[in-house]
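Examination of the molecular architecture
What follows is the residue order along each chain.
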Amino acid sequence: MSRNPQNMPAVAYRKSLPAGDAESLLDMTLPVPQPGPRDLLVQVEAIAVNPVDYKVRQGNDPGGEPKVLGWDAAGTVVAVGDEVTSFKVGDEVFYAGAIDRPGANSRFHTVDERIVGRKPSVLSFAEAAALPLTSLTAWEGLFEHLGLHSGALRQTGTLLVTAAAGGVGAMVSQLARALTSLTVIGTASRPETSEFARRMGASHIVDHRKPLAPQVADVAPGGVDFVFSTAGTERNLAAYAEVLKPFGQVVAIDDFGSVEIGLLKSKSISFHWEFMFTRSLHRTADQAEQGRILNQISRLVDAGILTTTATTDLGTIDAEHLREAHRILESGRAIGKITLSGF
């Protein structure tokens, strides 16, 4: 870190306001964080924006104190904590970070080395920043919760993915296509989202603005084996119960109050939650699994098996561009991932 700066540019918010309000996100100068024993200090080169950013902004009022958002980043290690063993100064990395620590919308950022991966060498920082949160969510949902086996091409069946043109849906489709022999049915509602979902790995597209069950039955008359529900779980649970085969499984990542879980009983359907921040939030003994997953994602990208889901770069990392990113995500019309680069 050149000249050991004490302060850095950052984007933060002081109170919960609509994204259209000029004060919903603000350019600030904040102290450079100091790495803890297991931390890396990263010079952030690019970030991506996720729904979690606006959900925290809307639902967590910091009472006037600056709160930095941002849980997708790529950059260069400029300092390491005393107990760091996996990285050194100069390494290029990518990661999602931890929801209970400051986000990465700042020039410098600290992150536990155990949840960090090495940036894919074939990608730019912005292209790499699009991947961590969604890759971890997709990998954990598919290979840990649904019990699929990565690289087991003998594993067949049918997987329904909702909002398949979104950040998570696109990674779920890519991983399922690349590492299993599952047939992927994706949901989308516009020509441009349908095209993107197919490019990411969906073999069939159904319209999530119309009743799902009859459309899925037309494509998979024998039913589906798995559902990866990235959106609309509360609205679609009855449809999932109808189209899933006996002993099928659902993994969900979206937010809702309650669902009629009894709908799943007669077929003995299993329901799983996936929350990418669980390991870091609860300091689980296997936190380092996320670093291993990210390194595997990086290898698959460098091998040409996976690709970035970055579709829109809004420019430099500042309050104006981040407010625009939040507005796009809140509209529900984003395709792939939104990125920003540099300060």
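Residues numbered from 1 in each chain as written. Predicted model: local features only at pLDDT ≥ 70, side-chain atom pairs only at ≥ 80, totals over all residues. Heavy atoms only, no water.

What to know about the sheet that holds strand β4 (residues 67-68)
Condition: One bridge is not enough; two strands pair if DSSP finds at least two bridges between them. Segments assigned H or I by DSSP are reported as helices when at least four residues long, segments assigned E as strands when at least two residues long, and all are numbered from the N terminus.
Read from one edge of the open sheet, three strands run β2-β1-β4, paired in antiparallel fashion. Two strands in the sheet have a free side with no partner beyond their single neighbour: β2 (26-31) and β4. Summarising the sheet, strand β1 (residues 7-13) and β2 pair through six bridges and their orientation is antiparallel. What sits directly across from V11, in β2, is D27.

A look at the packing of aromatic side chains
The criterion, for reference: For this analysis, a ring pair means two rings from Phe, Tyr or Trp (six-membered ring only for Trp) whose centres lie within 6.5 Å, classed as stacked if their planes differ by under 30 degrees, edge-to-face if by over 60, and tilted for the remaining angles. The buried label applies to any residue whose accessible area, calculated with a 1.4 Å probe on protein chains only, is under 20% of its type's maximum; exposed applies above 50%, and partly exposed to all values in between.
What the rule picks out here adds up to five aromatic pairs. Ring centres of W71 and F277 lie 6.4 Å apart, and the angle between their planes is 75 degrees; on these two criteria the pair is classed as edge-to-face. Taken together, the positions of W71 in the loop between β4 and β5 (73-80) and F277 in the loop between β14 (270-273) and α8 (278-281) put the pair 206 residues apart, joining distant regions of the chain. As far as the burial class goes, W71 and F277 line up, both buried. Ring centres 5.6 Å apart and planes at 70 degrees place the aromatic pair F275 and F277 in the edge-to-face group. According to the relative accessible area criterion, F275 is partly exposed, its value standing at 42%.

A word on the side chain of T230
Rules: What qualifies as a polar contact is a pair of N or O atoms within 3.5 Å, subject to a donor-acceptor requirement within protein and to the restriction that residues adjacent in sequence count only when both atoms come from side chains. Note on contacts: a residue pair qualifies if any of its non-hydrogen atoms lie within 4.5 Å across the two residues.
Within the secondary structure, T230 sits in the loop between β12 (224-229) and α7 (233-243). One polar contact links the side chain of T230 to the main-chain carbonyl oxygen of T162, over a distance of 2.7 Å. The contacts of T230, once residues within four sequence positions are left out, are T162, A163, V168, G169, I253 and D254.

Some words on the sheet that holds strand β13 (residues 244-252)
Convention followed: Helix axes use the C-alpha atoms of the stretch in contact, all axes being lines fitted to C-alpha atoms, and the angles between their N-to-C directions lie in the range 0 to 180 degrees.
Read from one edge of the open sheet, six strands run β11-β10-β9-β12-β13-β14, paired in parallel fashion. In this open sheet, the two strands that pair with only one neighbour each are β11 (204-206) and β14. Averaged over all neighbouring strand pairs, the angle between strand axes comes to 20 degrees, with direction disregarded. For strand β10 (residues 183-187) and β11, the ladder comprises three bridges, and the chain directions are parallel. Looking at β11, one finds that T187 is bridged to V206. Each of β9 (158-161), β10 and β12 touches helix α4 (residues 167-179); the most contacted strand, β9, lies at about 165 degrees to it. Relative to β13, α7 is tilted by about 155 degrees, and along the sheet it contacts β9, β12, β13 and β14.

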